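Take a look at the letters that make up each chain.
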Amino acid sequence: AQTVTQSQPEMSVQEAETVTLSCTYDTSESDYYLFWYKQPPSRQMILVIRQEAYKQQNATENRFSVNFQKAAKSFSLKISDSQLGDAAMYFCAYRSEEQDDKIIFGKGTRLHILP
Amino acid sequence: DAMVIQNPRYQVTQFGKPVTLSCSQTLNHNVMYWYQQKSSQAPKLLFHYYDKDFNNEADTPDNFQSRRPNTSFCFLDIRSPGLGDAAMYLCATSRDRGQKPQHFGDGTRLSIL
């Protein structure tokens, strides 16, 4: 069975600095998708960035980028130039291409932005 | 404009009294999901519909049922809520399987008295 592990329950970063949130996963599949979702307090969950496992190039969306290491089964999220609005719970998610579209979330990392 | 709409935002019910949560979408997406999210925890998938095909997670309690009468609407029925069912319930949609991301609603926070 697939698992997703986020080893940092909470993190803090100074405004305008860079922070990296870690995520590792375990799977025996070769085709899958990885996502980072952001859930601000009392607000809806939104997609931040996604990565197809067959692509070697790391995905980038403005200030957000990932470091995808397929062999190591690692999928970290880097947030550059952190802003107060980045404060949220961040969930790493794995989506199976093979097993009936099963989706698994990590336990989340709560990110605090210090002014 | 909201694309995945969950009603109500807050729902209170009594122990053992059936309750229904609703979700509608304006995206015409094929897939609709229901998640349970307890405080400070990750969302846990309960079940999902791929079009009319219902897919139940193995560890979803029998107490939880779902209906999808048409593409736009999906309901979560909790037949006899227990105190442990108090949680945020999230509805999400996806255009298709695989790489397509999910779009989430605001959630319904369910409290059990």
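Before reading on, note that the structure itself is shown above.
The structure presented is a predicted model; accordingly, all values stated were derived computationally and were not measured.

Colleague: Outline the overall build of chain B, supporting the account with residue identities and numerical values.
Modeller: Looking only at helices and strands, one finds zero helices and 11 strands in chain B. Its helices and strands in sequence order give chain B the pattern β-β-β-β-β-β-β-β-β-β-β, from N to C terminus. In terms of overall size, chain B behaves like a compact globule, its C-alpha atoms giving a radius of gyration of 13 Å where 113 residues would be expected to give roughly 13 Å. For chain B, buried positions account for 50% of its 113 residues.

Colleague: A description of the overall build of chain A should follow, citing residues and the corresponding values.
Modeller: Counting secondary structure elements, chain A contains zero helices and 12 strands. Over its C-alpha atoms chain A spans a radius of gyration of 14 Å, differing by no more than 12% from the 13 Å that the globule rule assigns to 115 residues. In terms of principal-axis extent, the alpha carbons of chain A reach across some 45 × 30 × 20 Å. Partitioning the intrachain contacts of chain A with sequence separation of at least 6 by distance along the chain shows that 55% fall at a separation of at least 24. Carbon and sulfur atoms provide 45% of the accessible area of chain A, an area that totals close to 5,700 Å². The average position of the 12 basic charges and that of the 14 acidic charges among the side chains of chain A differ by 2 Å.

Colleague: Any chance you could break down the pattern of salt bridges for me, citing the residues and the numbers?
Modeller: Residue and element names in this part refer to chain B. Applying the stated rule across the entire model yields six salt bridges over all chains. Between R67 and D77 there is a salt bridge, with its nearest N and O atoms 2.7 Å apart. Linking R67 in strand β7 (residues 64-67) with D77 in strand β8 (residues 73-78), this pair joins segments that are 10 residues apart in sequence. Classification of R67 as partly exposed rests on a relative accessible area of 40%. Classification of D77 as buried rests on a relative accessible area of 14%.

Colleague: Describe the interface of chain A and chain B, with residues and values.
Modeller: Taken together, the contact between chain A and chain B spans 21 residues of the former and 23 residues of the latter. Connecting chain A to chain B are zero salt bridges. Breaking the side of chain A that touches chain B down by element, the ones donating at least two residues are β5 (32-39), β6 (46-52), β10 (88-96) and β11 (103-105) of chain A. Among the elements that line the side of chain A that touches chain B, the one with the most residues is β5 of chain A, at four residues. Class assignment of the residues belonging to the side of chain A that touches chain B gives a composition of nine nonpolar, four polar and eight charged.

Colleague: I'd love a proper account of the side chain of Q36 of chain B, names of residues and values included.
Modeller: Residues and elements named next belong to chain B. Relative to the helices and strands, Q36 resides in strand β4 (residues 31-37). Overall, Q36 belongs to the buried group, its relative accessible area being 11%. At 3.0 Å, the side chain of Q36 and the side chain of Y89 are in polar contact. Ignoring sequence-local partners within four residues, the contact set of Q36 consists of A42, P43, K44, L46, F64, G84, D85, A87, M88 and Y89.

Colleague: I'd love a proper account of the state of the cysteines, names of residues and values included.
Modeller: Tallied over the entire structure, the rule returns two disulfides over all chains. Shown here is the disulfide that connects C23 of chain A with C92 of chain A, its sulfur atoms set 2.0 Å apart. The sign of the -70 degrees torsion about the S-S bond sets the C23 of chain A-C92 of chain A disulfide as left-handed. Residue C23 of chain A is found in the loop between β3 (19-21) and β4 (24-26), and its partner C92 of chain A is found in strand β10; the two are separated by 69 residues along the sequence. As far as the burial class goes, C23 of chain A and C92 of chain A line up, both buried. Across a sulfur-sulfur distance of 1.9 Å, C23 of chain B and C91 of chain B are joined as a disulfide pair. Looking down the S-S bond of the C23 of chain B and C91 of chain B bridge, the torsion is -70 degrees, so its handedness is left-handed. Highlighted residues: C23 of chain B in strand β3 (residues 19-25) and C91 of chain B in strand β9 (residues 87-94), separated in sequence by 68 residues. With relative accessibility at 0%, the residue C91 of chain B sits in the buried group. A disulfide-free cysteine, C74 of chain B has its sulfur positioned 6.1 Å from the sulfur of C91 of chain B, the nearest such atom.

About the criteria used
- Residues numbered from 1 in each chain as written.
- Chains lettered and ligands numbered in written order.
- Predicted model: local features only at pLDDT ≥ 70, side-chain atom pairs only at ≥ 80, totals over all residues.
- Heavy atoms only, no water.
- Helix = DSSP H or I, 4+ residues; strand = E, 2+ residues; numbered from the N terminus.
- Rg over C-alpha atoms; globule rule 2.2 N^0.38 Å.
- Buried < 20%, exposed > 50% of the residue type's maximum accessible area, 1.4 Å probe, protein only.
- Contact = heavy atoms within 4.5 Å.
- Areas by Shrake-Rupley, 256 points an atom, 1.4 Å probe, with all protein chains shown as cover.
- Lys, Arg positive; Asp, Glu negative; His and termini not counted.
- Charge placed at Lys NZ, Arg CZ, Asp CG, Glu CD.
- Salt bridge = Lys/Arg side-chain N within 4 Å of Asp/Glu carboxyl O.
- Nonpolar A, V, L, I, M, F, W, Y, C, P; charged D, E, K, R; others polar.
- Polar contact = N/O pair within 3.5 Å; in protein donor to acceptor, adjacent residues only side chain to side chain.
- Disulfide = S-S within 2.5 Å.

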